[in-house]
Amino acid sequence: MVEVRKKTLNFSCLLCNFVSFIQMVIRCETLTSVVVEGLALLDLGVSPYSGAIFHETPLIIYLFHFLIEYAELVFMITDVLTAIALYLAIQDFNKVVFKKQKLLIELDKYAPDVAELIRTPMEMHYIPLKVALFYLLNPYTVMSCVAKSTCTINNTVIAFFILATIKGSAFLSAVFLALATYQSLYPLTLFAPALLYLLQRQFIPVKLKSKSFWLYTMQYAALYLCSLVVIICLSFFLLNSWDFIPSVYGFILSVPDLTPNIGLFWYFFAEMFEHFSLFFVCVFQINVFFYTIPLAVKLKEHPVFFMFIQIAIISIFKSYPTVGDIALYMAFLPVWSHLYRFLRNIFILSCVLIVCSLLFPVLWHLWIYAGSANSNFYYAITLTFNIGQILLISDYFYAFLRREYYLTHGLYLTRQDGTEAMLVLK
Amino acid sequence: MGLLSDPYRRRALSRLVLRLNTPLCLLSYAAGLGWFLALAFPPVAPRTYMSENAMGSTMVEEQFAYGERALSYAREFAGHKKKAGGLPVAWLEKTMWNLGLEVYKQPFSRTLPFPDETRERYMVKGTNVYGILRAPRAASTESLVLSVPCSEGQHNNQAVGLMLALASYFRGQIYWAKDIIFLVNEHDLLGMEAWLEAYHDVNITEMQSSGMLGRAGAIQAAVSLELSSDVVTSFDVAVEGLNGQLPNLDLVNLFHAFCQKNGLLCTIQGKLQRSDWDTLPAYAHSLQTLLLMVLKQGSGRPQGDHGLFLRYHIEAITVRGINSFRQYKYDMSTVGKTLEGMFRKLNNLLERLHQSYFFYLLPSLSRFVSIGVYMPAFGFLILILVLKALDLWMKLSKCDASPVERLWDGDQAAAHGAAEESRPGLLTLVPPLLICHATGLTLYFLPVLGQHVATQHFPVSESEAVVLTVIAIYVAGLALPHNTHRVLTGSGSDRGWMTLKLLALLYLAMQLGCVALVNFSLGFLLAATMVPVAAAVQPTGPKYLYAVLLVLVTPAVTLLLGIFLYQELIEYPVSVLECWQLFLQAVAEGLLDHYLYGSIVFPFVAIFVYPCWLLLWNVLFWK
């Protein structure tokens, strides 16, 4: 697989102009050239955060202190590690799903006519492999690897967090979650699905009155917070200053860098009057965290699906999204391949996403190199791309809910007067 | 989202798309073409206006009166040119130096990938000479360019003369806030490319040139002048640049404004504007102008030396003096005054030209169609592909669902087997896709790489070899891949070709959409020809009719027809044989444009459009 990646990498290197586009687009927060700048400052004995462009965490800078010579290799290895972690995680998850399905069939929880909705081991066999390949061969992953975006490393941490959670190790899960949070703050919201999954694994019912539920929650939260504190203190001792807190997390939260990327923030805040920007930053940032609670209520029985939705939401609404983030949640799509028959707009949405991905470099070229188009053209595509992603996610969400409904109520619904009924989302 | 999530409305919508597909497609095509034809109708196209404040009304008073001096310079230049048998570098340097300019020369050389037979050049060596007039009122941070190509024979001597006269006049004025570069470039576009690359210190083509010694800040605008007679009757302006890029409309407006002020006749695409607009001939006239612009822009060739400036973010136009058999002639002083006025206005610029449009079509010099108005014409054409793709998708998902439902009562495994059998899978599509793209890549790489082999084995020259190889591969592609899918057995079903067609349609839509943003005309010409046949083609029905139609809309035939149409429009009709000669020439020049200046038309057609067309050809011969 590494060879394949190397080849794709070499091929991509031919498209230098395109790579420069990628690098420009995912510049903020996530490029090794920025890390190089930080390293140079560090070597000179200056705080790396004293400049305006370095916004990586101290651990990253120390990691690259040793590995900067092998940067390409590091990124390829992290990608492969991510794929392996996802493979193992999904393999385990599929076993759990199958076991649960068997149990529910034995308990007669399913309606009698849903035989065609039942998943078979045969069709589930290749899903882990598909997930790994989907991640490795996804053009977005290749792009972010070519651009040497540190987002790749964040993806690896999140993948390991998922693996640890699905394997049921509360301690490792908390540690990796803390690492992911430390890296980019937003994975904080993954706390809820991880907790739900671990509770489910321990057969602890999610009830607000039950004592064991609270006990376990406290335990997990304590583990998480402790590891977070340890990591942050470690960073402090590495640099001997707290500079990194405002420079990393303040940078993520207050969105001072408005370099164009594929997200929603830059254009709005470039256009906005300065004194409104605080309010709108809050409104925009709330999006990431806001959906966690209703989703947790609705999907408390299906924490892994919840996790998928939450990762997707993060990658859409985060302040400096990159194509690597998209690659991570897209890797999960094969896991939900059984929802295919319930998806309504998958054809249109995939066309929209592909077209937008192609138009990004074209409009970027017209805006930056040719100078004939302007930022509005590019932003229009960004907007369409994000709307496409949101619709895709809601389509999956709705399909998931529909399938669950059909499983319990039977596939062929009848109204009270005997005619065929239909589920309508209103 | 109500429309997409409410199942009843969805069902109604999908039924509409399925049942009324063909009428909707026809309607859409008619709407697209109709919209395009309507663009030439004056009420649709608003009048041009100057957006840039700094160039507002024509408030400068031109005083250039060195018309006679320009002519004497021109004669002297002609004499020295004849003597030197090329650009008289030493004389030019001396003259410019005497005028008080900072003079530099820039030798360059370039070996073409294959000999250019129309211009008879292969290993090109030349020298650009340029003089910088330093602005007395500002530091050298910004500059303007007046460039004159030095071509062979008696051409363009007057342009050089006028440039020198303008330089001597400009030198005496105190109001310049931008440096002015007077450039004489040899070997037209090649020299221009060499000069621009050296000026910006980049090397994007394989041009060899010495470094540049003198610079004059960021170039804000450039005018390229071509003038071959002592008097002119009218001025023609060329706007289309490399890859169909256009200069800011304000620059064209500026030229138009000064022509009007000085009473000069000015034309675009060689067509004079008519005073009436509400008659049929007037409409036909502006449609001709529009079509000429579309054809020229679609070719992706620079229509003058200005075309290469645009890539560097520099607004530029080419101005050509025409001497035809009209009664009113204008002397050099009037021409000089017009240029003086333009340069003084450009001198007033506070920032780069950016206020006005960059994407436009010009049905006449005083009317323009902006991107928002012309894009729907293209959108309607693409809509056909989308509608057809939706139709195919719904048919495909229907055949997907029906066998499973029918067989569900029986054994589960049997049902699965049946479903698997009826579904050839995406694997069958891989060989056609791969082979089509391999043919495309061969078409792109082989002609230039294999020219020496071809000249050894066949009695042809290099450039003939290249062109003939292109045509040979192109035609061979038709024979090769149409039975590639038979490599895998069991694919002989409707599903196979439907999936392939769906893929080809979406692929075509994406390509055309992307290219139309960069070069609208190219996208529109390809869409107008390819889309209807692409939507109609299928292995059942009148196969030979489809085959003929499909061959008729292949990009090569489109090029041939485009040349024919172009010759008709410039009122210089050609016979079929001449048209074929022009076609061969156009192919060679398309390749040269790509290798010399980086035009995208040839690689785009070879690597993307042609394979996509081959996919459709595959659909037609699917068995």
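Everything numeric in this text was worked out from a predicted model, so none of it was measured.

### Points about the interface of chain B and chain A
Argument step 1. Taken together, the contact pairs 25 residues of chain B with 30 residues of chain A.
Argument step 2. Together, the buried faces of chain B and chain A total about 2,500 Å²; carbon and sulfur atoms form 72% of this surface.
Argument step 3. Per-residue buried area on chain B facing chain A is highest for B:W393, B:M510 and B:L517; these three make up 19% of the total on that side.
Argument step 4. One can count zero salt bridges joining chain B with chain A.
Argument step 5. At the boundary of chain B and chain A, one finds one residue pair in polar contact (both at pLDDT 80 or more).
Argument step 6. Elements supplying a minimum of two residues to the side of chain B that touches chain A: α1 (2-5), α2 (7-19), α11 (371-407) and α16 (494-518) of chain B.
Argument step 7. Of all the elements, α16(B) adds the most residues to the side of chain B that touches chain A, at six residues.
Argument step 8. Of the residues belonging to the side of chain B that touches chain A, the class tally is 18 nonpolar, four polar and three charged.

### Observations regarding the confidence of the model for chain A
All names here are of chain A.
Argument step 1. Confidence in the prediction of chain A, expressed as mean pLDDT, is 83, and 89% of residues score 70 or more.
Argument step 2. The secondary-structure element of chain A with the lowest mean pLDDT is helix α1 (residues 2-14), recorded at 39, while helix α17 (residues 303-317) shows the highest, at 92.
Argument step 3. The low-confidence segment residues 1-17 (pLDDT under 50) makes 20 contacts with residues lying over four places distant or belonging to another chain.
Argument step 4. Low pLDDT, under 50, characterises residues 26-30; the predicted model gives this stretch 21 contacts beyond four residues in sequence or across chains.

### Some words on the pattern of salt bridges
Argument step 1. Enumeration according to the criterion identifies 16 salt bridges over all chains in this entry.
Argument step 2. Two residues, A:D325 and A:K318, come together in a salt bridge whose shortest N-O distance is 3.2 Å.
Argument step 3. We classify A:D325 as buried; its relative accessible area is 10%.
Argument step 4. The class for A:K318 is buried, based on a relative accessible area of 5%.
Argument step 5. One salt bridge connects B:R301 with B:D593, and the closest N-O pair in it is separated by 2.8 Å. Of this pair, B:R301 sits in the loop between α9 (280-299) and β10 (315-322) while B:D593 sits in helix α20 (residues 576-597), and the two are 292 residues apart along the sequence.
Argument step 6. Salt bridges sharing partners connect three or more residues here, namely B:E102, B:R134 and B:D179.

### Some remarks on the nonpolar core
Argument step 1. Core analysis: the largest hydrophobic core is formed by 340 residues, its most contacted members being A:W336 and B:W195.
Argument step 2. Counting residues per element, this core draws most heavily on helix α21 (residues 601-620) of chain B, at 16 residues.
Argument step 3. Beyond its immediate sequence surroundings of up to four residues, A:W336 is in contact with A:F93, A:V304, A:F305, A:F308, A:Y396 and A:F400.

### Here's the deal with a negative patch on the surface
Argument step 1. On the surface, a cluster of negative charge is made up of B:E117, B:E120, B:E152 and B:E464.
Argument step 2. In this fold, B:E464 is placed in helix α15 (residues 462-479).

### So, the confidence of the model for chain B
Residue and element names in this part refer to chain B.
Argument step 1. Here chain B shows a mean pLDDT of 84. Residues at 70 or above account for 92%.
Argument step 2. Low pLDDT, under 50, characterises residues 403-422; the stretch is placed with eight contacts to residues that sit more than four places away or in other chains.
Argument step 3. Here the predicted complex scores 0.87 on pTM and 0.85 on ipTM.

### Overview of the UniProt feature "transmembrane region" (unreviewed entry) in chain B
All names here are of chain B.
Argument step 1. In the UniProt entry, the feature "transmembrane region" (unreviewed entry) is given for residues 20-41, 368-387, 466-484, 504-537, 544-566 and 600-622.
Argument step 2. Within residues 504-537, the helical portion is 94% and the strand portion 0%, while the C-alpha atoms at the span's ends are 11 Å from each other.
Argument step 3. With 87% helix and 0% strand, residues 600-622 has its two end C-alpha atoms placed 32 Å apart.

### Re a positive patch on the surface
Residues and elements named next belong to chain B.
Argument step 1. Among the surface-exposed residues, R11, R15, R19 and K398 lie close enough to one another that they form a single positively charged patch.
Argument step 2. The dominant element in the positive patch, judged by the number of residues it contributes, is α2, at three residues.
Argument step 3. Within the secondary structure, R11 is located in helix α2.
Argument step 4. Among the residues examined, R11 registers a relative accessible area of 41% and is labelled partly exposed.

### A closer look at the pairing of strand β6 (residues 218-226) of chain B
All names here are of chain B.
Argument step 1. Across the nine residues that make up β6, a large majority, eight, are buried.
Argument step 2. Across six bridges, strand β3 (residues 142-150) lies against β6 in parallel orientation. Bridge pairing in β6 links L146 to V223.
Argument step 3. Across six bridges, the pairing between β6 and β10 is parallel.

### Some points on the side chain of B:K296
Residue and element names in this part refer to chain B.
Argument step 1. Within the element layout of this structure, K296 appears in helix α9.
Argument step 2. E240 provides the closest opposite charge to the buried, salt-bridge-free K296, at an N-O distance of 5.2 Å.
Argument step 3. Not counting residues up to four positions away in its chain, the partners in contact with K296 are E240, Q269, R301, Q303 and Y566.

### Focus on the packing of aromatic side chains
Argument step 1. On inspection of all chains with the given rule, the structure shows 69 aromatic pairs over all chains.
Argument step 2. Members of the aromatic cluster, joined through ring pairs, are A:F265, A:W266, A:Y267, A:F268, A:F269, A:F284, A:F360, A:W364, A:W367, A:Y378, A:Y379 and A:F385.
Argument step 3. Taking NZ or CZ as reference, B:R344 lies 4.2 Å from the ring centre of B:Y175, over its face.

### Topic: the packing of α15(B) against α20(B)
Residues and elements named next belong to chain B.
Argument step 1. For the pair α15 and α20, the least separation of the axes is 9 Å and the interaxial angle reads 100°. In terms of their interaxial angle, α15 and α20 are classed as roughly perpendicular. Where α15 abuts α20, its residues V466, V467, V470 and I471 lie against W580, F583, L584, V587, A588 and L591.
Argument step 2. Partitioned by chemical class, the residues of the contact of α15 with α20 number ten nonpolar, no polar and no charged.

### Here we look at the UniProt feature "transmembrane region" (unreviewed entry) in chain A
Residues and elements named next belong to chain A.
Argument step 1. When the UniProt feature table is mapped onto this chain numbering, "transmembrane region" (unreviewed entry) sits at residues 73-90, 158-178, 184-200, 221-242, 248-269, 276-297, 342-364 and 376-398.
Argument step 2. Strand forms 0% of residues 158-178 and helix 90%; the C-alpha atoms that close the span are 10 Å apart.
Argument step 3. In this annotation, residues 248-269 is assigned 55% helix and 0% strand; the end-to-end C-alpha distance for the span is 19 Å.

What counts as what
- Residues numbered from 1 in each chain as written.
- Chains lettered and ligands numbered in written order.
- Predicted model: local features only at pLDDT ≥ 70, side-chain atom pairs only at ≥ 80, totals over all residues.
- Heavy atoms only, no water.
- Contact = heavy atoms within 4.5 Å.
- Buried area = accessible area lost by both parts, 1.4 Å probe.
- Salt bridge = Lys/Arg side-chain N within 4 Å of Asp/Glu carboxyl O.
- Polar contact = N/O pair within 3.5 Å; in protein donor to acceptor, adjacent residues only side chain to side chain.
- Helix = DSSP H or I, 4+ residues; strand = E, 2+ residues; numbered from the N terminus.
- Nonpolar A, V, L, I, M, F, W, Y, C, P; charged D, E, K, R; others polar.
- pLDDT = per-residue confidence, 0-100.
- Buried < 20%, exposed > 50% of the residue type's maximum accessible area, 1.4 Å probe, protein only.
- Core = buried A, V, L, I, M, F, W, Y, C linked by side-chain atoms within 4.5 Å.
- Patch = residues over 30% accessible without salt bridge, like charges linked within 9 Å, V, L, I, M, F, W, Y side chains within 5 Å.
- Areas by Shrake-Rupley, 256 points an atom, 1.4 Å probe, with all protein chains shown as cover.
- Lys, Arg positive; Asp, Glu negative; His and termini not counted.
- Charge placed at Lys NZ, Arg CZ, Asp CG, Glu CD.
- UniProt positions renumbered as here; feature names shortened; annotations may be inferred.
- Pairing = 2+ DSSP bridges.
- Phe/Tyr/Trp six-rings, centres within 6.5 Å; stacked < 30°, edge-to-face > 60°.
- Lys NZ or Arg CZ within 6 Å of the ring centre and 35° of its normal.
- Axes fitted to C-alpha atoms, helices over the stretch in contact; angles between N-to-C directions.
- Parallel < 35°, antiparallel > 145°, perpendicular 65-115°, else oblique.

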